[in-house]
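# Residue-level structure breakdown
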Amino acid sequence: MSRTRATGLMVVLCVALLTLSGMVQAAEYKSEYKMSIVVGPKGPWGEAAQKFADLVKERTGGRINIKCYFAGQLFAGKQTNEFLLLRQGVADFALASTINWSPQVPELNLFALPFFFDNYEQVDAVKNGEPGRILFEKIEEKGVIGLAWGENGFRELTNRVRPVEKPEDLAGLKVRVVGSPIFIDIFRALGANPINMNWGEAQTAFQQGTVDGQENPVNAVIIPYQLWQVHPYITIWHYAIDPLILGVSKKTWEGFTEEDRKIIAEAAQEACSWEVDRAREGLTGEMPALKILEQKGMKVTVLTPEQRQAFRAKTREVYEKWKATIGADLVEEAEKLLGR
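Read on for a plain summary of the structure. Since the structure is predicted, the reported quantities are computational estimates derived from the model, not experimental observations.

## Observations regarding the overall build of the protein chain
Counting its secondary structure elements, the protein chain contains 15 helices and 9 strands. With the C-alpha coordinates of the protein chain rotated into their principal frame, the extents come out at 95 × 40 × 35 Å. Taken over 340 residues, the protein chain has a buried fraction of 51%. Total accessible area computed for the protein chain in this model is approximately 15500 Å², and 51% of it derives from carbon and sulfur atoms. Distance between charge centroids for the protein chain: 4 Å, based on 40 positive and 43 negative side chains.

Written out as structure tokens, the structure is:
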């Protein structure tokens, strides 16, 4: 056999072995990868999750099939269980709020510090800067790989009683809040009566008038759920931001080839970039989205920087308490980016 022919046969054999190896590895992939989403399929959050799943399936030629489990199907009603499911590999992927992961990763409460962020530019600086890198490092230490940042939006206040322009206006108001302790601390510091209940119960309570108000993003909740039907007042106060993280279980991630990891990571970035744009639509500059609320009969109050400062001062003790819990170094790193 000639040397040239022998070399050719070796090349063919190597290609065949590599192909076979790839086929075996692909054959070891699950037939379905589970993705947890707290919300339903409608709206920026749910639609971005499906967009991510579709991009991955298309770009891997069907090797990776991600099924979206909407409305918290995987964690049976307790949102704070989601991170644990990812750590264990019971769920493979999630597009989740930092609020729901904060019980296991207290550093994520950075985004819930009261009146910490003034605008989206500051939020982006923190997410894309050193604090964001540290936060992804923290969740990876606990078994979850962060792939991309999404966003639910700034959490604004609606209520049925009166306009809220200063801290004293919150006195005695019963306000439905998410279950995270920092939110309860904030509203107590402002003189309100925070009530933790699931969203389904809250909607009934709003209709019956047993709960006066709630706090949630405009595009994600206030407009889709038509809260003007129960709450004639809204205050745009940006008291907390609610980022999303598209994450994957470390156990699942380690089972993918380098090529497929690259595809998944790029799809995550693309889907989340699209989602952030949707979450912020109409809420920058002149904020035309607020015109929708006014047209529906809501009285819209947009706090001035001076008015926000009064709320920030009232919640200073909450800030100091949670700065220690989050980690002073991390908070101070974020403050540098905010020019404070």
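## Quick word on the packing of aromatic side chains
Throughout the structure, instances matching the rule amount to 22 aromatic pairs. Here a set of aromatic residues connected by ring pairs shows up, and it is made of Tyr-29, Tyr-33, Phe-52, Phe-93, Trp-253 and Phe-256. Its end group placed over the ring of Trp-274, Lys-51 keeps NZ or CZ at 5.5 Å from the ring centre. In this structure, Arg-340 is placed above the aromatic ring of Phe-116, and the distance from its NZ or CZ to the ring centre is 5.1 Å.

## Concerning the packing of helix 2 (residues 43–59) against helix 11 (residues 258–279)
Two elements in contact, helix 2 and helix 11, have axes separated by 9 Å at closest approach and are oriented at 155 degrees. By the angle class used here, helix 2 and helix 11 are roughly antiparallel. Of the two possible hands of crossing, helix 2 and helix 11 adopt the one that is right-handed. Seen from helix 2, the contacting residues are Pro-44, Trp-45, Glu-47, Ala-48, Lys-51, Phe-52, Leu-55, Val-56 and Arg-59; seen from helix 11, they are Ile-263, Ile-264, Ala-267, Ala-268, Glu-270, Ala-271, Trp-274, Glu-275, Arg-278 and Ala-279. Residues that form the contact of helix 2 with helix 11 fall into these classes: 13 nonpolar, no polar and 6 charged.

## Points about the packing of helix 14 (residues 316–326) against helix 15 (residues 328–337)
Where helix 14 contacts helix 15, the axes come no closer than 6 Å and their chain directions differ by 110 degrees. Here helix 14 lies roughly perpendicular to helix 15, going by the angle between them. Within the contact between the two elements, helix 14 uses Tyr-319, Lys-323 and Ile-326 and helix 15 uses Ala-328, Leu-330, Val-331, Glu-332 and Glu-335. Of the residues assigned to the contact of helix 14 with helix 15, the class counts are 5 nonpolar, no polar and 3 charged.

## Focus: the side chain of Asn-100
Structurally, the position occupied by Asn-100 is in helix 4 (residues 98–101). Here Gln-79 takes part through its side chain, which lies 2.9 Å from a polar atom of the side chain of Asn-100. Those residues in contact with Asn-100 that sit more than four places away from it in its chain are Val-38, Gln-79 and Thr-80.

## Topic: the state of the cysteines
For the structure on display, the rule yields 0 disulfides. Residue Cys-68 stays outside any disulfide, its sulfur separated by 12 Å from that of Cys-272, the closest cysteine. With relative accessibility at 10%, the residue Cys-68 sits in the buried group.

## Brief notes about the side chain of Ser-102
Of note, Ser-102 is situated in the loop between helix 4 and helix 5 (120–128). For Ser-102, the contacting residues outside a window of four places in its chain are Leu-108, Asn-109 and Ser-180.

About the cut-offs
Residues numbered from 1 in each chain as written. Predicted model: local features only at pLDDT ≥ 70, side-chain atom pairs only at ≥ 80, totals over all residues. Heavy atoms only, no water. Helix = DSSP H or I, 4+ residues; strand = E, 2+ residues; numbered from the N terminus. Buried < 20%, exposed > 50% of the residue type's maximum accessible area, 1.4 Å probe, protein only. Areas by Shrake-Rupley, 256 points an atom, 1.4 Å probe, with all protein chains shown as cover. Lys, Arg positive; Asp, Glu negative; His and termini not counted. Charge placed at Lys NZ, Arg CZ, Asp CG, Glu CD. Phe/Tyr/Trp six-rings, centres within 6.5 Å; stacked < 30°, edge-to-face > 60°. Lys NZ or Arg CZ within 6 Å of the ring centre and 35° of its normal. Axes fitted to C-alpha atoms, helices over the stretch in contact; angles between N-to-C directions. Parallel < 35°, antiparallel > 145°, perpendicular 65-115°, else oblique. Left-handed = near helix turned anticlockwise from the far one by under 90°. Contact = heavy atoms within 4.5 Å. Nonpolar A, V, L, I, M, F, W, Y, C, P; charged D, E, K, R; others polar. Polar contact = N/O pair within 3.5 Å; in protein donor to acceptor, adjacent residues only side chain to side chain. Disulfide = S-S within 2.5 Å.

Just distances and angles here, no functional claims.
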